[in-house]
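Here's the letter readout for the chains.
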Amino acid sequence: DHGYKTIAADINCAKPYSEMKYCEKICLVIGNEGSGIRNEILDICDESVKIPIIGRAESLNAAVAAGILMYDIALRKNC
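Residues numbered from 1 in each chain as written. Predicted model: local features only at pLDDT ≥ 70, side-chain atom pairs only at ≥ 80, totals over all residues. Heavy atoms only, no water.

Enquirer: Help me get a handle on the environment of leucine 42, residues and values and all.
Expert: Positionally, leucine 42 belongs in helix α1 (residues 39–42). Overall, leucine 42 belongs to the buried group, its relative accessible area being 18%. Leucine 42 sits 31 residues away from isoleucine 11 along the chain, and the two C-alpha atoms are 12 Å apart. Among residues more than four places away in sequence, those in contact with leucine 42 are Ala8, Asp10, Ile37 and Ser48. (Helix = DSSP H or I, 4+ residues; strand = E, 2+ residues; numbered from the N terminus. Buried < 20%, exposed > 50% of the residue type's maximum accessible area, 1.4 Å probe, protein only. Contact = heavy atoms within 4.5 Å.)

Here's what the structure looks like:
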(Lines give C-alpha, C1' and ligand atoms only; values in the text may rest on other atoms or scores of the structure.)
Protein backbone atom coordinates (compact mmCIF):
# COMPACT_ATOMS: atom_id res chain seq x y z
CA ASP A 1 0.00 0.00 0.00
CA HIS A 2 2.97 2.36 0.51
CA GLY A 3 4.94 1.58 -2.65
CA TYR A 4 7.29 -1.04 -1.22
CA LYS A 5 8.36 -4.16 -3.06
CA THR A 6 8.53 -7.08 -0.61
CA ILE A 7 11.36 -9.53 -1.10
CA ALA A 8 11.49 -12.75 0.91
CA ALA A 9 14.74 -14.60 1.58
CA ASP A 10 13.78 -18.21 0.90
CA ILE A 11 16.25 -21.07 0.53
CA ASN A 12 13.71 -22.94 -1.63
CA CYS A 13 13.55 -20.14 -4.18
CA ALA A 14 15.23 -20.69 -7.53
CA LYS A 15 16.32 -17.07 -8.11
CA PRO A 16 19.74 -16.14 -6.68
CA TYR A 17 19.96 -12.70 -5.09
CA SER A 18 22.63 -11.68 -7.61
CA GLU A 19 19.96 -11.70 -10.36
CA MET A 20 17.71 -9.20 -8.58
CA LYS A 21 17.12 -5.66 -9.81
CA TYR A 22 16.44 -3.16 -7.05
CA CYS A 23 14.58 -0.03 -8.11
CA GLU A 24 11.60 0.33 -5.78
CA LYS A 25 11.49 0.93 -2.07
CA ILE A 26 12.18 -2.49 -0.56
CA CYS A 27 10.93 -4.40 2.44
CA LEU A 28 13.18 -7.40 3.09
CA VAL A 29 11.58 -10.37 4.86
CA ILE A 30 13.91 -12.74 6.76
CA GLY A 31 12.78 -15.89 8.57
CA ASN A 32 14.47 -17.82 11.34
CA GLU A 33 17.10 -20.47 10.66
CA GLY A 34 14.95 -23.45 11.61
CA SER A 35 11.54 -22.67 10.13
CA GLY A 36 12.11 -20.01 7.53
CA ILE A 37 9.23 -17.73 6.59
CA ARG A 38 5.65 -18.88 7.06
CA ASN A 39 3.83 -19.74 3.83
CA GLU A 40 1.14 -17.10 4.39
CA ILE A 41 3.89 -14.45 4.51
CA LEU A 42 5.68 -15.86 1.44
CA ASP A 43 2.39 -15.74 -0.46
CA ILE A 44 2.04 -11.98 -0.02
CA CYS A 45 5.64 -11.14 -0.94
CA ASP A 46 6.30 -9.79 -4.42
CA GLU A 47 9.44 -11.88 -5.00
CA SER A 48 11.65 -14.43 -3.30
CA VAL A 49 15.42 -14.74 -3.50
CA LYS A 50 18.00 -17.15 -2.19
CA ILE A 51 21.62 -16.93 -1.22
CA PRO A 52 23.42 -19.84 -2.88
CA ILE A 53 25.28 -21.93 -0.31
CA ILE A 54 28.56 -23.63 -1.09
CA GLY A 55 29.30 -26.83 0.77
CA ARG A 56 27.07 -28.83 3.08
CA ALA A 57 25.47 -26.11 5.20
CA GLU A 58 21.67 -26.31 5.25
CA SER A 59 21.09 -22.60 5.84
CA LEU A 60 22.68 -19.37 6.98
CA ASN A 61 22.16 -17.61 10.26
CA ALA A 62 19.29 -15.12 9.82
CA ALA A 63 21.46 -12.13 10.76
CA VAL A 64 24.17 -13.18 8.30
CA ALA A 65 21.63 -13.67 5.51
CA ALA A 66 20.04 -10.28 6.24
CA GLY A 67 23.45 -8.61 6.18
CA ILE A 68 24.40 -10.14 2.84
CA LEU A 69 21.11 -9.12 1.25
CA MET A 70 21.04 -5.61 2.71
CA TYR A 71 24.61 -5.01 1.54
CA ASP A 72 23.71 -6.20 -1.96
CA ILE A 73 20.64 -3.97 -2.05
CA ALA A 74 22.64 -0.93 -0.89
CA LEU A 75 25.46 -1.66 -3.34
CA ARG A 76 23.36 -2.27 -6.43
CA LYS A 77 20.26 -0.11 -5.99
CA ASN A 78 20.59 2.32 -8.86
CA CYS A 79 17.34 4.08 -9.63
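The discussion continues.
Enquirer: How would you sum up the side chain of lysine 5? Please name residues and give values.
Expert: Topologically, lysine 5 is positioned in strand β1 (residues 4–9). When near neighbours in sequence (up to four residues on either side) are disregarded, lysine 5 contacts Met20, Lys21, Glu24, Lys25, Ile26, Cys27, Asp46 and Glu47.

Enquirer: Please provide a residue-by-residue account of the side chain of threonine 6, values included.
Expert: The topology assignment puts threonine 6 in strand β1. Aside from chain neighbours lying at most four places away, what touches threonine 6 is Cys27, Ile44, Cys45, Asp46 and Glu47.

Enquirer: Any details on the sheet that holds strand β3 (residues 47–49)? Residues and values, ideally.
Expert: Strand pairing in a sheet is mediated by backbone hydrogen bonds. Such pairs are either parallel or antiparallel. Across the sheet, 3 strands lie side by side as β2-β1-β3; this open sheet has parallel pairing. In this open sheet, the two edge strands, each paired with only one partner strand, are β2 (25–29) and β3. Direction aside, neighbouring strands of the sheet carry axes that sit 30 degrees apart on average. (Pairing = 2+ DSSP bridges. Axes fitted to C-alpha atoms, helices over the stretch in contact; angles between N-to-C directions.)

Enquirer: Which residues make up the pattern of salt bridges, and what are the values?
Expert: Inspection of every chain in the model, using the stated rule, returns 4 salt bridges. Two residues, glutamate 47 and lysine 5, come together in a salt bridge whose shortest N-O distance is 2.4 Å. On the criterion of sequence distance, the pair formed by glutamate 47 in strand β3 and lysine 5 in strand β1 is long-range, its members being 42 residues apart. The salt bridge partner of arginine 76 is aspartate 72, with a shortest N-O separation of 2.8 Å. You can see arginine 76 and its partner aspartate 72 sitting in helix α2 (residues 62–76), 4 residues apart, about one turn around the helix. Look at arginine 76 and you get partly exposed, because its relative accessible area is 28%. Residue classification places aspartate 72 among the buried residues on the basis of a relative accessible area of 8%. (Salt bridge = Lys/Arg side-chain N within 4 Å of Asp/Glu carboxyl O.)

Enquirer: I'd like a rundown of the nonpolar core, residues and numbers included.
Expert: Judged by nonpolar contacts, Ile7, Met20, Tyr22, Ile26, Val49, Ile51, Ala65, Leu69 and Ile73 together constitute the single largest core of 9 residues. Ranked by the residues each element gives to this core, the list is headed by α2, at 3 residues. Aside from chain neighbours lying at most four places away, what touches valine 49 is Ile7, Ala8, Ala9, Asp10, Cys13, Lys15, Tyr17, Met20 and Leu69. Listed in part, the 5 residues of the second largest apolar core include Val29, Ile37, Leu42 and Cys45. (Core = buried A, V, L, I, M, F, W, Y, C linked by side-chain atoms within 4.5 Å.)

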